[in-house]
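Structure assessment
One letter stands for each residue in the lines below.
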Amino acid sequence: MDHPNTLIEAVLERYRSHLGEDYDKYRNHVYRVYSLCLLFDGDAANRDKYALAAAFHDLGIWTDRTFDYLDPSIGQAGAYLRETGRADWIDEISQMIFWHHKLSPYNAGNKTTVDNFRKADWVDLTLGSLAFGLRRNAIRAIRQRWPNAGFHVFLLKKSVQNFFMHPLNPLPVFKR
């Protein structure tokens, strides 16, 4: 996946002011997750779903200024899907966002897309340490095409801030 995706670009442009100085960090993370999804699933019918789930999955961090961002991200995705005539995708994309931190395999409805999305985010979050069977050189190529741009440092800082501001409210990754 070497060229920008029009759906991802449309969503990110819509939220550019919310993302501010973090735009490139988030954009590259979105593209890494999306590209990894395409490695897990060659079904062209799922590409737009992966693109939209990737674009929205962490967006609530910026739109709602919270690190408890799953519900806000799902809300933003649902509104966009209704607005763009894709309301029939709301359930599936909501599940993709809701379960993307799940540590174990996802085995319920929409299993293929939800679990592939979950694995793709974990591959990126762990800098490829978790690969779920993907070739390391393929992961490396995606990371070279869409560099980190400080995304993981950003997450670490936000995690520490969240811990001190809300010590009894676990990070989203620990809630699912």
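For the structure itself, look to the data block above.
Predicted model, so just to flag it, every value in this text is computed and none were measured. Think of each chain on its own: its residues are numbered from 1, step by step along the sequence as written. Reporting in this predicted model follows two pLDDT cut-offs: at least 70 for local features of residues, and 80 or more for side-chain atom pairs to be given and counted; totals over whole chains, interfaces and linings ignore these cut-offs and use all residues. With hydrogens and water excluded, all non-hydrogen atoms of the structure serve as input to the side-chain values.

Quick word on the nonpolar core
Core analysis: the largest hydrophobic core is formed by 49 residues, its most contacted members being Tyr26, Tyr34, Leu52, Phe56, Ile93 and Phe117. Listed by contribution, the elements that provide at least two residues to this core are helix H1 (6-14), helix H3 (23-40), helix H4 (47-56), helix H5 (60-63), helix H6 (70-83), helix H7 (90-98), helix H8 (111-125) and helix H9 (136-145). A run of H or I in DSSP becomes a helix once it reaches four residues, and a run of E becomes a strand once it reaches two; helices and strands are each numbered from the N terminus. A total of 10 residues in this core trace back to one element, the largest contributor, which is H3. Contacts between residues were defined by any pair of non-hydrogen atoms, one from each residue, lying within 4.5 Å. Filtering out sequence-adjacent residues up to four positions away, phenylalanine 117 remains in contact with Val33, Cys37, Tyr50, Ala53, Ala54, His57, Met96 and His100. Residues belong to a common nonpolar core when they are buried Ala, Val, Leu, Ile, Met, Phe, Trp, Tyr or Cys residues joined through side-chain atoms within 4.5 Å. Burial classification: accessible surface area is computed with a 1.4 Å probe over protein chains only, and a residue below 20% of its type maximum counts as buried, one above 50% as exposed, and the rest as partly exposed.

Concerning the packing of aromatic side chains
Pairing of aromatic side chains here covers Phe, Tyr and the six-membered ring of Trp, requires ring centres within 6.5 Å, and sorts the geometry by plane angle: under 30 degrees stacked, over 60 edge-to-face, intermediate tilted. The final tally for this structure, using the stated rule, is 6 aromatic pairs. The interplanar angle of 80 degrees and the centroid separation of 6.0 Å between the aromatic rings of tyrosine 15 and phenylalanine 56 together place this pair among those described as edge-to-face. With a gap of 41 residues between them, tyrosine 15 in the loop between H1 and helix H2 (16-19) and phenylalanine 56 in helix H4 connect regions that are remote in the sequence. Residues tryptophan 99 and tyrosine 106 carry aromatic rings whose centres are separated by 5.9 Å and whose planes lie at 45 degrees to one another, so their mutual orientation is tilted. A relative accessible area of 25% means that tryptophan 99 is categorised as partly exposed. Here a set of aromatic residues connected by ring pairs shows up, and it is made of Tyr15, Phe56 and Tyr80.

Let's talk about the pattern of salt bridges
Only one rule defines a salt bridge in this text: a Lys or Arg side-chain nitrogen within 4 Å of an Asp or Glu carboxyl oxygen. Here the structure, examined in full by the defined rule, presents 8 salt bridges. Where arginine 16 meets glutamate 13, a salt bridge forms, and the shortest distance between an N and an O atom there is 3.0 Å. Notably, a salt bridge pairs aspartate 124 with arginine 143, separated by 3.3 Å at the nearest N-O pair. Here the residue aspartate 124 occupies a position in helix H8, and arginine 143 occupies one in helix H9, the gap between them amounting to 19 residues. In this structure, a network of salt bridges that share partners links the residues Arg32, Asp124 and Arg143.

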